[in-house]
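Each chain is listed here by its residues.
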Amino acid sequence: MDGVAASDIEALKQVMIASAVSRRNSRSGRHAGEHVVAAARAFYTRAIADGLIDASASPAHRVAKPRRLPSTRRALTTNELEEINAEARTSGNDVILDALLLRLHTETACRRGGALALRLVDLDTINGLVRLTEKGATVRWQPITLDLAEHLYEHARARGAVLLTDALLRTRTSQPITSRRYDHLWKRLGERLPWVAVQGVSTHWLRHTTLTWVERHFGYGITRAYAGHTDSPGSSTTTYIKADLHDVANAHSAMTGQPHPLARLTDHADRWSQASGAVSPTTE
């Protein structure tokens, strides 16, 4: 541990940057270099915590981490979203599952991990809710349309979900889906829609699409709640603009154009009238 110099880690970082595999979303190896520094810092941070070395002796913390570049992800246009949904529903070996996945992510703006973790017990068909468990072990109830809730329930039951702890999203062979389902879906969409492959569109773009719409029509506070963000960066003003589940349900109902059991329309009458006339990012 005390035989590694900062220049050694810097040299390793440069090697990783130069040898990083080039993919369609590559950033010239910047992320590979960032990961080297992050891993080295994590290692030495634990060594410091265990009292093996002094904090000032860590070489990893003297190496600059490459600055994270802005993401190239953006909100999809209505036409782009319609194209993606149309192709997903007319190609592939399980169009029902693919259509459910796209609709779930578009309505909830959930991450891929949140969808994969869904169980039968996480679905509330009466109140139109799914319980999402996402990164950082955060848990929240997220509004969905009653129509989607019913389709998800029928899908799970028809494909072998019996116990409350059984996975909600399942393949035609009754197995819980994995991240490979998403990989195959976007690979197929990229082959049929060249712009999807060229721009590197992925499931996370659906999150951008929904949250952008919510922010434009319902403001920052409700968007934070819709996204499931629990951190509090920036000004202490964020303490006073927290939104609750009913606020999120209002935004969801305006976006989908369907009533929701938890929406409080009278609380946001003016904003509702403005948002309901906008173009929804969701498709039927």
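From a predicted model like this one, the values you see are computed outputs, not experimental measurements.

1. Concerning the packing of helix H4 (residues 95-108) against helix H7 (residues 179-192)
The interhelical angle for the contact between H4 and H7, taken along N-to-C directions, is 95°, at an axis separation of 11 Å. When the interaxial angle is binned, H4 and H7 end up roughly perpendicular. In this structure, H4 contributes Leu-97, Asp-98, Leu-101, Leu-102 and His-105 to the contact, and H7 contributes Arg-181, Tyr-182, Leu-185, Trp-186 and Arg-188. Here the contact of H4 with H7 is composed, by residue class, of 6 nonpolar, 1 polar and 3 charged.

2. Description of the sheet that holds strand E1 (residues 123-124)
Pairing is antiparallel across the open sheet formed by 3 strands, whose spatial order is E1-E2-E3. Looking along the sheet, the strands with just one partner apiece sit at the ends: E1 and strand E3 (138-143). The pairing of strand E2 (residues 129-134) with E3 spans 6 bridges and is classified as antiparallel. Across the sheet, residue Arg-131 finds its bridge partner in E3, namely Trp-141.

3. Description of helix H6 (residues 146-158)
The terminal C-alpha atoms of H6, which comprises 13 residues, lie 18 Å apart, in line with the 18 Å expected from a rise of 1.5 Å per residue. On its buried side, H6 packs onto H4, E1 and E2. Positive backbone phi, at 100°, marks Gly-160, one or two positions downstream of H6.

4. Remarks on the pairing of E2
Bridge count for E1 against E2 is 2 bridges, and the pairing is antiparallel. Bridge pairing in E2 links Leu-123 to Val-130. Hairpin connection between E1 and E2: a loop of 4 residues separates the two successive antiparallel strands, and Gly-128 in this loop has a positive phi of roughly 65°. Between E2 and the antiparallel strand that follows it, E3, lie 3 residues; Gly-136 among them carries a positive phi value of about 75°.

5. Examining a nonpolar patch on the surface
Together, Met-1, Phe-43 and Leu-52 give the surface a local cluster of nonpolar side chains, amounting to about 320 Å² of exposed area. Counting through the fold element by element, Leu-52 comes out in the loop between helix H2 (30-49) and helix H3 (78-88). Exposure remark for Leu-52: the relative accessible area of 55% places this residue in the exposed category.

6. Points about the environment of Asn-93
Within the secondary structure, Asn-93 is located in the loop between H3 and H4. When the C-alpha atoms of Asn-93 and Leu-185 are compared, they prove to be 10.0 Å apart, with 92 residues separating the residues in sequence. With residues near it in sequence (within four places) discarded, Asn-93 still touches Arg-172 and Arg-181. Engagement of the side chain of Asn-93 in a polar contact is seen with the side chain of Arg-181, the distance being 3.2 Å.

7. A closer look at the nonpolar core
If you look at the biggest cluster of nonpolar residues, it comprises 21 residues, and the most contacted ones within it are Leu-104, Leu-123, Val-130, Ile-144, Leu-152, Leu-168 and Leu-169. For this core, the elements supplying multiple residues, two or more each, are H4, E2 and H6. Grouped together as the second largest cluster of nonpolar side chains are 14 residues, Ile-84, Leu-193, Trp-195 and Leu-206 included.

8. Concerning the packing of aromatic side chains
The geometry of an aromatic ring pair is captured by two quantities: the separation of the ring centres and the angle between the planes. Taken as a whole, this structure holds 2 aromatic pairs when the rule is applied. Aromatic pair Trp-213 and Phe-218: ring centres 6.3 Å apart, planes at 35°, arrangement tilted. On the basis of relative accessible area, Phe-218 is assigned to the buried category, the value being 3%.

9. Remarks on the pattern of salt bridges
Using the criterion set out here, one finds 17 salt bridges in the structure. Between Glu-87 and Arg-192 there is a salt bridge whose closest N-O contact spans 4.0 Å. Residue Glu-87 is located in helix H3, and its partner Arg-192 is located in helix H7; the two are separated by 105 residues in the primary sequence. In this structure, the salt-bridge partner of Asp-147 is Arg-103, at a minimum N-O distance of 2.9 Å. Here Asp-147 is found in helix H6, whereas its partner Arg-103 is found in helix H4, with 44 residues between them in sequence. Each of Asp-98, Arg-181 and Arg-188 takes part in one network of salt bridges that share partners.

10. Quick notes on unusual backbone geometry
With a phi close to 60°, Ala-109 is a non-glycine residue in the positive phi region. By secondary structure assignment, the location of Ala-109 is in the loop between H4 and helix H5 (112-116). Overall, the relative accessible area of 0% leaves Ala-109 in the buried class. If you check the backbone angles, Ser-174 has positive phi at about 70° while not being a glycine. Structurally, the position occupied by Ser-174 is in the loop between H6 and H7. Owing to a relative accessible area of 29%, Ser-174 belongs among the partly exposed residues under this scheme.

Criteria and cut-off values
- Residues numbered from 1 in each chain as written.
- Predicted model: local features only at pLDDT ≥ 70, side-chain atom pairs only at ≥ 80, totals over all residues.
- Heavy atoms only, no water.
- Axes fitted to C-alpha atoms, helices over the stretch in contact; angles between N-to-C directions.
- Helix = DSSP H or I, 4+ residues; strand = E, 2+ residues; numbered from the N terminus.
- Parallel < 35°, antiparallel > 145°, perpendicular 65-115°, else oblique.
- Contact = heavy atoms within 4.5 Å.
- Nonpolar A, V, L, I, M, F, W, Y, C, P; charged D, E, K, R; others polar.
- Pairing = 2+ DSSP bridges.
- Expected span 1.5 Å × (residues − 1).
- Patch = residues over 30% accessible without salt bridge, like charges linked within 9 Å, V, L, I, M, F, W, Y side chains within 5 Å.
- Areas by Shrake-Rupley, 256 points an atom, 1.4 Å probe, with all protein chains shown as cover.
- Salt bridge = Lys/Arg side-chain N within 4 Å of Asp/Glu carboxyl O.
- Buried < 20%, exposed > 50% of the residue type's maximum accessible area, 1.4 Å probe, protein only.
- Polar contact = N/O pair within 3.5 Å; in protein donor to acceptor, adjacent residues only side chain to side chain.
- Core = buried A, V, L, I, M, F, W, Y, C linked by side-chain atoms within 4.5 Å.
- Phe/Tyr/Trp six-rings, centres within 6.5 Å; stacked < 30°, edge-to-face > 60°.

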